[in-house]
Amino acid sequence: MHAVPTFRKGGVHPPDHKVFSREQEIVRLPLPSELVVALSQHMGAPAKPLKAKGDTVERGEKIGESVGFISADVHSPVNGTIKEIKTVTLPNSVQCDAFVITVDEKQPGDASKPIDWRKLKKEELFASIKEHGIVGLGGATFPAHVKFTVPRDKKVEYFVVNGVECEPYLTSDYRLMMEKGKETLEGILIAAKILEAEKIIVGVELNKQDAIDHLKEIVKEKGWPIEVVGLKVKYPQGDEKQLLKAAINREIPSGKLPLDVGAVVSNIGTCYAIYEAIVYKKSLYERIISVTGEGIVNPKNILAPIGTKVSDLLEFCGGLQGDVEKLVSGGPMMGFAFFDTETPVTKGSSGILALHARKKVRRTPCISCGKCVDACPIGLMPTLLYKHITNLNYEVAMNSLSLLDCKECGSCSYVCPAHLPLVHTFKTGKKMGRKK
Amino acid sequence: MTEQPLMIVSSSPHLHDKSSTANIMWHVSLALVPATLWGIYLFGLYSLVIILVSIGSAVLAEFLLGKLSKECTIWDGSAFLTGLLVGLNMTPSVPLFIPIVASIFAIFVAKWTFGGLGANWANPALSGRIFVFFSFTTYMSSFTTPRTLLKAMPDALGGATPLGFVKTAIASGSSGMTSNELLAQAGYPATELARKLCAVLGINAYTIDSFLGNIAGSIGEVSSILLLIGGIYLLIRKIITWHIPVTYLLSSAVLTWIFGGLPAGLGMFHGAFFPSMLSGGLMFGALFMATDYVTSPLSSKGKAVFGIGCGFFTFLFRTFGSMPEAVSVSILMMNIITPTIDRYIRPRKFGDKKLFAKKEAVA
């Protein structure tokens, strides 16, 4: 009997709360009258604006150009006019310039004819991905063309697709697998062709058994060389380190990349974006967003243009209800709380959550229970890190306690009975430590 | 646009499991309830008074010290738990000033002076017990005969624990007999139930009695089975992990088995490890004292080392030492070493570079 694969060290089991939006089919948001398209929607350098105030833009037109090696192009989601360029604050507290676009009433009809991607060469596919501004849609928004640049001395043995969606509440990847399974799998094949990957594995957690079955069925019917693997439910399995450990039992050395163990990891949403970019020449200007949580009247999975203001999404979902205390962009474990509903969504917004007030528990001093040590999937000692950082002892935290290996997954804070702000402290500690 | 409620902005994660410090403290207290009730039944209502006085003085001390440092920490349950543990560690007939002294020592000296909850290096309840034991040794080493053995107990043996009795016998020169034989020779009584079970199971009646809790001892430490039930409850609630209790009990049992027979002249591999596991507060210490979060190591590996260390010292003091209090002193000794364990024994880091360097070197 084969045990269900998962990663070994640490991890937690938060309740998955996916019930709110799990059965909601993806719906397209009616075009809002105004969009705010930020120029820094990806990891790396912000894009350079190509338009000025008063210019007209067309749907899919490039309006921001990537600068430097790690950066990505930005495209207009609509036909419209640039009303102004202003500075916005994104939920992850990045400040950048953004185009405010007044949306035209008349929009072009949908869709060109599909292209047979199998006739295209690897280089053409690669160029297309860069041109259409594809970034990782799991949340980290790493530009896809950078990730897919495989150095000559490296080989991609495994292309591992991340359909784990281990964050509670979020259901956008699940809905994608259920409704656009075939297209997504084709996107995976395209990506694998670019990477010249030897094996393709799709990892999905077992709380999405129907999605696993659905994908397996398509794969079987088409005879595609894709293996769909069910993984035991455990947070943070959607992190590439944990996912690779679970799916192919390889461990990325500290400070290295998946490529160093012969693998590339991509989010399943990214693969769908790749499919659309190649087959329909559609740039990445819209994405699926789960608007969910107990504070949303009608939770939905929405296909919305990038740059939609959160207030438009909330209005479309019937608004807020109950004692809403937090708005979160992304999942509840790693997402960012924000307060301004005028904040626009970006390429990385996998979800918008409205969370009710939770019971306040008094913070106590650390009681050294070691639960954080057991929960840390990286094998760090969060409580010691916490003590060193709060004593401004950044060097010890950075060097002998490997603070920089922490990826802020939140497992330690989640289990801490003393309710210490561990992740918060580590974020601060990293900044202060780097400054020194 | 409707009026927008004010939102909280805080760092991720935005979810938390149901645990809290107070919750843990109350659960541990709950796990001690069966053993406590049994102690009160066995030794009479005066034991209840002792326990209440211990708890009361511990909580009061915490409250008054909180006034001094301008905080109120009595609701986190830690002072209650310390008081309860102190009470359960008292002999059933101590004068009431002793638990008061022990509780105040525990809260004031062992805990508060080092910075309060989480900052103490020694287990407060244990420190309190050790302090009063060495200050008022006579009171703390005269035991009451349990209710279940009252009728059959010879006068000469009243007020001795089996462990204490055997130790004295061996120290005064009797050799060649196991502890159970020594007890039988002196006419130490066993309950009716234990004798019947002995006939059926072939396990020594004294061992059965110490497992069930029909022996003399401190109020809370006598019934191994009820302590085990409490310990298993804590394991199921994931409040403690198995590492410390299991390694502690196993290591002391194995060492006692190998070397425990030496002082009595029985030779190697003849130690009575089973009775040793069930008596002298070892079960209590392994499940409730050594597992104290603050004073035990953080990592699982560290916890195992801690447990083995406790087991080693307990065996050493019991078999070759001349003083009682083997369990308490061993745990306190390992409390001293805990920070060192945490410094050198750490979990393996994911993707540890050293490991990879080794692998590459081999390949």
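The shown structure was predicted, so the numbers you read here are calculated from the model rather than taken from an experiment.

> I'd like to hear about the sheet that holds strand S15 (residues 324-329) of chain A, residue by residue, with values.
Residues and elements named next belong to chain A. Strand order in the open sheet made by the 6 strands is S1-S14-S13-S17-S15-S16, with mixed pairing throughout. Either end of the sheet is taken by a strand with one partner, and the two such strands are strand S1 (26-28) and strand S16 (336-338). Each adjacent strand pair in this sheet contributes to an overall mean axis angle of 30 degrees, direction not counted. Across 3 bridges, the pairing between S15 and S16 is antiparallel.

> Give a detailed account of unusual backbone geometry, specifying residues and quantitative values.
All names here are of chain A. The amide bond that connects Tyr 235 to the next residue, Pro 236, takes the cis arrangement and shows omega of -5 degrees. Inspection of the secondary structure assignment puts Pro 236 in the loop between strand S11 (226-231) and helix H6 (240-248). Residue Asn 249 is not a glycine yet carries a positive backbone phi of 55 degrees. With respect to the helices and strands, Asn 249 occurs in the loop between H6 and strand S12 (263-267). Note on Asn 249: relative accessible area 46%, which makes it partly exposed. Backbone geometry places Glu 408, a non-glycine residue, at a positive phi of 60 degrees. Its location among the elements puts Glu 408 in the loop between helix H11 (394-399) and helix H12 (411-415).

> If you had to explain the sheet that holds strand S2 (residues 34-38) of chain A to someone new, which residues and values would you point to?
Residues and elements named next belong to chain A. Read from one edge of the open sheet, 4 strands run S2-S8-S7-S4, paired in antiparallel fashion. Across the chains shown, the open sheet's two edge strands, defined by having one partner strand only, are S2 and strand S4 (56-57). Of the pairings in the sheet, the one linking strand S7 (residues 80-89) to strand S8 (residues 95-103) comprises 9 bridges and is antiparallel in character. Bridge pairing links Gly 80 to Val 103 in S8.

> Explain the side chain of Lys309(A) to me, and be specific about the residues and the numbers.
All names here are of chain A. Within the fold, Lys 309 resides in the loop between strand S14 (300-305) and helix H8 (310-316). Overall, the relative accessible area of 12% leaves Lys 309 in the buried class. If we ignore the near neighbours within four places in the chain, the residues touching Lys 309 are Glu 34, Val 36, Thr 341, Glu 342, Thr 343 and Pro 344.

> Describe in detail the pattern of salt bridges, supporting the description with residues and values.
Residue and element names in this part refer to chain A. Here the structure, examined in full by the defined rule, presents 27 salt bridges over all chains. The residue Asp 73 makes a salt bridge to Lys 62 at a minimum N-O spacing of 3.5 Å. Residue Asp 73 is located in the loop between strand S5 (62-65) and strand S6 (74-75), and its partner Lys 62 is located in strand S5; the two are separated by 11 residues in the primary sequence. One salt bridge in this structure joins Glu 198 and Lys 155, with 3.4 Å as the shortest N-O distance. Linking Glu 198 in the loop between helix H4 (181-195) and strand S10 (199-205) with Lys 155 in the loop between helix H2 (144-147) and strand S9 (158-162), this pair joins segments that are 43 residues apart in sequence. Of the two residues, Glu 198 and Lys 155, neither departs from the other in class, the shared state being exposed. Sharing partners across several salt bridges, the network here consists of Arg 28, Glu 276, Lys 282 and Glu 286.

> If you had to explain the domain arrangement of chain A to someone new, which residues and values would you point to?
A common measure of how large an interface is: the accessible area buried when the components associate. All names here are of chain A. The domain boundaries assigned to chain A delineate domain 1 (29-111 + 283-356), domain 2 (113-279) and domain 3 (371-435). The straight-line distance from the C-alpha centre of domain 1 to that of domain 2 is 24 Å. Each partner contributes to the roughly 2,300 Å² buried at the junction of domain 1 and domain 2, and carbon and sulfur atoms together form 62% of this total. Those elements that provide at least two residues to the side of domain 1 that touches domain 2 are strand S13 (286-292) and strand S17 (351-356).

Conventions and cut-offs
Residues numbered from 1 in each chain as written. Chains lettered and ligands numbered in written order. Predicted model: local features only at pLDDT ≥ 70, side-chain atom pairs only at ≥ 80, totals over all residues. Heavy atoms only, no water. Pairing = 2+ DSSP bridges. Helix = DSSP H or I, 4+ residues; strand = E, 2+ residues; numbered from the N terminus. Axes fitted to C-alpha atoms, helices over the stretch in contact; angles between N-to-C directions. Buried < 20%, exposed > 50% of the residue type's maximum accessible area, 1.4 Å probe, protein only. Contact = heavy atoms within 4.5 Å. Salt bridge = Lys/Arg side-chain N within 4 Å of Asp/Glu carboxyl O. Domains from an automatic or database assignment. Buried area = accessible area lost by both parts, 1.4 Å probe.

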